[in-house]
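As a plain string of letters, each chain reads:
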Amino acid sequence: MIIYKYVDAKTLDDILSSNRVGFSHPRDFNDPFDRPRVSRQPYGSEYRSLFDGRLMTREVQAEEADAAWNECAVSSFTRTHDNSLMWAHYANKHTGAVIEIDAEKAGLMSKYLLIPVQFGSVVYMKRPVPDPGIARGLSAMRQGVIKSGENRFDIENYAGLQRLFLTKALSWAYEEEARVVCDSFRYGWDEKNESMGGLWNKFIKGDGSIGYGMRMSPGSVTRVFAGLRYKELDGLRRRAEKLQFQIMRPVDQSSTGYEVHFEADE
């Protein structure tokens, strides 16, 4: 399965240098409305917490479930490399690039992810449709994930996971997004900077938020589409020779109209 990631020039350099792809908590997304939110309805009964005596109202229980799911980490990809809006927004006005990735080779289709990319297609809708039967079952499932140390995709939980992580406002439909989701508790990211034998590492992003880098297998990057204003082409050619990926260069739009077209760099 081939997927794409639009990046600015610095992120391209970081990914090619480290051979890692970044994951972020939903609370750090650029759209604050794009985050997992559970329905309040399943939490109908109030009780006193055994640990601190707090009154656990329906709202408090749901807020804690929201916070737990927002600790999961997400990486976003797309199915297309030639979307003009994406080039303008996510590739920093064509000064960046699009990375083509073999998802299977990269490990992004692994059953050990909470949602592998082949199940990560985002559903776009005008309004979210809450399902009051989902939140409690998913919260129990996530507690099982934490307790057992498993982070395995389970098709039986897919409907609930889809509602939490794979729905988005209709206005974003042009992105054709596919996501990968993992549970940060699985990797102990709060306690250490590296886990799973170096498969994951923690880093601080430019905006000060925390990111998590997942190591890809060699050869996972198959092509890099350079933006029309990308300035480091010679350096990219050296990287391509070393890492064995193909560079695609844009064709000037004066001859192709408004569409973005590419040809192989010779």
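Residues numbered from 1 in each chain as written. Predicted model: local features only at pLDDT ≥ 70, side-chain atom pairs only at ≥ 80, totals over all residues. Heavy atoms only, no water.

## Quick notes on the overall build of the chain
Secondary structure summary: the chain contains eight helices and 15 strands in total. Considering only contacts in the chain between residues 6 or more positions apart, those separated by 24 or more positions represent 71%. Approximately 14200 Å² of the chain is accessible, and the part contributed by carbon and sulfur atoms is 51%. (Helix = DSSP H or I, 4+ residues; strand = E, 2+ residues; numbered from the N terminus. Contact = heavy atoms within 4.5 Å. Areas by Shrake-Rupley, 256 points an atom, 1.4 Å probe, with all protein chains shown as cover.)

## A look at the pattern of salt bridges
Under the counting rule described, the total for this entry stands at twelve salt bridges. When the shortest N-O distance is used, the salt bridge between Glu-100 and Arg-223 registers 2.8 Å. In this pair, Glu-100 is assigned in strand β6 (residues 97–102) and Arg-223 in strand β13 (residues 221–226), connecting sequence segments 123 residues apart. Its relative accessible area of 6% is what places Glu-100 among the buried residues. Taking the relative accessible area as the measure of exposure, Arg-223 reaches 23% and is therefore partly exposed. By sharing partners, the salt bridges in this structure join Asp-34, Lys-168, Glu-175, Glu-177 and Arg-179 into a single network. (Salt bridge = Lys/Arg side-chain N within 4 Å of Asp/Glu carboxyl O. Buried < 20%, exposed > 50% of the residue type's maximum accessible area, 1.4 Å probe, protein only.)

## Notes on helix α6 (residues 158–165)
Every buried residue of α6 is listed here: Tyr-158, Gly-160, Leu-161, Leu-164 and Phe-165. Take α6 and look down its axis: the buried residues cluster within an arc of 160°, on one side only. (Arc of directions from axis to C-beta.)

## A short note on the pairing of strand β2 (residues 20–24)
Of all five residues making up β2, four are buried, and the element is well covered by its neighbours. As paired elements, β2 and strand β12 (residues 210–215) share five bridges and run antiparallel to each other. Counted as the bridge partner of Ser-24 is Gly-211 from β12. (Pairing = 2+ DSSP bridges.)

## Some details on helix α8 (residues 233–243)
All buried positions along α8 are accounted for by Leu-233, Leu-236 and Ala-240. For α8, the angular spread of the buried residues around the axis is 55°, confining them to a single face. Away from the buried face of α8 by more than 90 degrees, exposed residues Asp-234, Arg-238, Glu-241 and Lys-242 are located. Tucked into the core, α8 has its buried residues touching α1 (9–18), β13 and β14 (246–250). After α8 finishes, the residue Gln-244 shows a positive phi value of roughly 65°.

## Let's talk about the side chain of Asp-34
Structurally, the position occupied by Asp-34 is in the loop between β2 and β3 (47–48). Within the structure, the side chain of Asp-34 is placed 2.5 Å from the side chain of Arg-179, a separation counted as a polar contact. If we ignore the near neighbours within four places in the chain, the residues touching Asp-34 are Pro-26, Phe-29, Thr-167, Lys-168 and Arg-179. (Polar contact = N/O pair within 3.5 Å; in protein donor to acceptor, adjacent residues only side chain to side chain.)

## Here we look at the confidence of the model for the chain
Model confidence for the chain is summarised by a mean pLDDT of 84, while 85% of its residues fall at 70 or above. Segment residues 145–150 is flagged for pLDDT under 50; beyond a separation of four residues in sequence, or across chains, it makes eight contacts in the model. (pLDDT = per-residue confidence, 0-100.)

## Some remarks on the side chain of Glu-177
Mapped onto the elements of the fold, Glu-177 is located in strand β9 (residues 177–182). A polar contact is formed between the side chain of Glu-177 and the side chain of Lys-168, at a distance of 2.9 Å. Side-chain polar atoms of Glu-177 contact the side chain of Arg-179, separated by 2.7 Å. With residues up to four places along the chain from it excluded, the contact list for Glu-177 reads Ser-76, Phe-77, Thr-78, Gly-120, Ser-121, Val-122, Tyr-124 and Lys-168.

## Re the nonpolar core
Side chains of nonpolar character tend, in soluble globular proteins, to be buried together. Ranked by size, the top nonpolar core spans 33 residues in total, and within it Leu-12, Phe-23, Ile-101, Leu-108, Leu-236 and Phe-245 carry the most contacts. Setting aside its immediate chain neighbours within four residues, Phe-245 contacts Leu-16, Val-221, Thr-222, Arg-223, Val-224, Leu-236, Arg-239 and Ala-240. (Core = buried A, V, L, I, M, F, W, Y, C linked by side-chain atoms within 4.5 Å.)

## Brief notes about the environment of Asn-201
Tracing the backbone shows Asn-201 in strand β11 (residues 200–204). Between the C-alpha atoms of Asn-201 and Tyr-212, which are eleven residues apart in sequence, the distance is 5.6 Å. Leave out the neighbours within four places in its chain, and Asn-201 touches Arg-20, Asn-193, Glu-194, Gly-211, Tyr-212 and Gly-213.

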